[in-house]
Amino acid sequence: MSPFSENKDIRMIEALKVKRNKYWDTLKYYSFSNGVRESIYNQIFTVFAYAIINNEQIIGNCNSLMALIGIISSVCIASRIIRNNQKHYHLIASIIYFVICMLLGITKITIALVIFYICMGLIYCWNNTIYQSMKYQLSNASATTLTPYEYITASEFPIALGRITGLTLALILCQFMNTIHAYGILMMIDGSIWLIDHIVIDKKVQWLEGENNGTL
């Protein structure tokens, strides 16, 4: 029977209480981090883009371009990501995202925003592919007395906590400083988290290199 088959008695509380399991600790961290990043990006980016360009047609065209690049990147690049190379793809994506977030957050100019749209279209699907795959890999590696499905389900709690944390951070910064400057800082924070993720996961589980190597 598949470890992800339906289980009517999901022991989420027991999973959240598990300690001294490096794979589960990494999954909790990665889920929390993803929640923070997702919350900050979804909360501020579109408003930040309008504050810089203030033209709905241009913003719409940029979104369409990003989506088109994302489709091409997903088919031509993200589909090639496997367990053996996910660390390298994540590092490349993290560096690119860090650079474009810093550039946009500091300069707040149109050309920086256009560069962000183009690069984000390229790498966003990489991050999604790697994140979803790592959830599966880490939940399998975590499974001892509990099933991988229970760990996957329990990981929704740190995701939710991360979203709340990201939203709270955004509200606090916008409360105490000019909104456009607060958005710039939030973009730089968001860009830094990807690199921090890479370092933390490498330190904790070495990106699962050498463990049941194969395709995702």
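Residues numbered from 1 in each chain as written. Predicted model: local features only at pLDDT ≥ 70, side-chain atom pairs only at ≥ 80, totals over all residues. Heavy atoms only, no water.

**Quick notes on the overall build of the protein chain**
Phase 1 of the analysis: Summing up its helical and strand segments, the protein chain has 8 helices and 0 strands in all.
Phase 2 of the analysis: For the protein chain, the α and β elements follow one another from N to C terminus as α-α-α-α-α-α-α-α.
Phase 3 of the analysis: A globule of 216 residues ought to have a C-alpha radius of gyration of about 17 Å, and the protein chain, at 18 Å, matches this closely.
Phase 4 of the analysis: C-alpha atoms of the protein chain, sized along the principal axes, occupy 55 × 40 × 30 Å.
Phase 5 of the analysis: Burial statistics for the protein chain: of 216 residues in total, 43% are counted as buried.
Phase 6 of the analysis: Intrachain contacts of the protein chain at a sequence separation of at least 6 include 83% that bridge at least 24 residues.
Phase 7 of the analysis: Side chains of the protein chain carry 16 positive and 13 negative charges; the gap between the two charge centres is 5 Å. (Helix = DSSP H or I, 4+ residues; strand = E, 2+ residues; numbered from the N terminus. Rg over C-alpha atoms; globule rule 2.2 N^0.38 Å. Buried < 20%, exposed > 50% of the residue type's maximum accessible area, 1.4 Å probe, protein only. Contact = heavy atoms within 4.5 Å. Lys, Arg positive; Asp, Glu negative; His and termini not counted. Charge placed at Lys NZ, Arg CZ, Asp CG, Glu CD.)

**Focus: the packing of helix α5 (residues 110–142) against helix α8 (residues 179–205)**
Phase 1 of the analysis: Where α5 meets α8, the closest approach of the two axes is 14 Å, and the angle between their N-to-C directions is 35°. Both α5 and α8 take part in a crossing whose hand is left-handed. On the side of α5, the interface is formed by F116, I123, N127, M134 and L138, while α8 contributes M187, W194, I201 and V205.
Phase 2 of the analysis: Of the residues belonging to the contact of α5 with α8, the class tally is 8 nonpolar, 1 polar and no charged. (Axes fitted to C-alpha atoms, helices over the stretch in contact; angles between N-to-C directions. Left-handed = near helix turned anticlockwise from the far one by under 90°. Nonpolar A, V, L, I, M, F, W, Y, C, P; charged D, E, K, R; others polar.)

**Here's the deal with the side chain of S155**
Phase 1 of the analysis: Looking at the element boundaries, S155 is found in the loop between α6 (148–154) and α7 (156–176).
Phase 2 of the analysis: In contact with S155, not counting residues within four places along its chain, are W24, L27, S31 and K135.

**Topic: the nonpolar core**
Phase 1 of the analysis: One finds Y97, L104, L113 and F116 to be the most contacted residues of the largest nonpolar core, which totals 54 residues.
Phase 2 of the analysis: Elements that contribute at least two residues to this core include exactly α2 (22–53), α3 (56–76), α4 (86–107), α5, α6, α7 and α8.
Phase 3 of the analysis: Beyond its immediate sequence surroundings of up to four residues, F116 is in contact with Y41, F45, Y97, I100, C101, L104 and M187. (Core = buried A, V, L, I, M, F, W, Y, C linked by side-chain atoms within 4.5 Å.)

**Section: the environment of G166**
Phase 1 of the analysis: Within the secondary structure layout, G166 lies in helix α7.
Phase 2 of the analysis: For G166, a relative accessible area of 1% corresponds to the buried category.
Phase 3 of the analysis: When the C-alpha atoms of G166 and Q43 are compared, they prove to be 8.8 Å apart, with 123 residues separating the residues in sequence.
Phase 4 of the analysis: Setting aside its immediate chain neighbours within four residues, G166 contacts V36, S39 and I40.

**Side note on the packing of aromatic side chains**
Phase 1 of the analysis: For the structure on display, the rule yields 10 aromatic pairs.
Phase 2 of the analysis: Plain terms: the ring middles of Y97 and F116 are 6.0 Å apart, the flat faces sit at 50° to each other, and that makes the pair tilted. With Y97 in helix α4 and F116 in helix α5, this pair connects stretches of sequence that are 19 residues apart.
Phase 3 of the analysis: Judged by relative accessible area, F116 falls into the buried class, the value being 0%.
Phase 4 of the analysis: Taking the centre distance of 4.3 Å and the plane angle of 25° together, the rings of Y97 and W194 count as stacked. Here Y97, found in helix α4, pairs with W194, found in helix α8; they are 97 residues apart in sequence, far enough to count as distant.
Phase 5 of the analysis: The class for Y97 is buried, based on a relative accessible area of 1%. (Phe/Tyr/Trp six-rings, centres within 6.5 Å; stacked < 30°, edge-to-face > 60°.)

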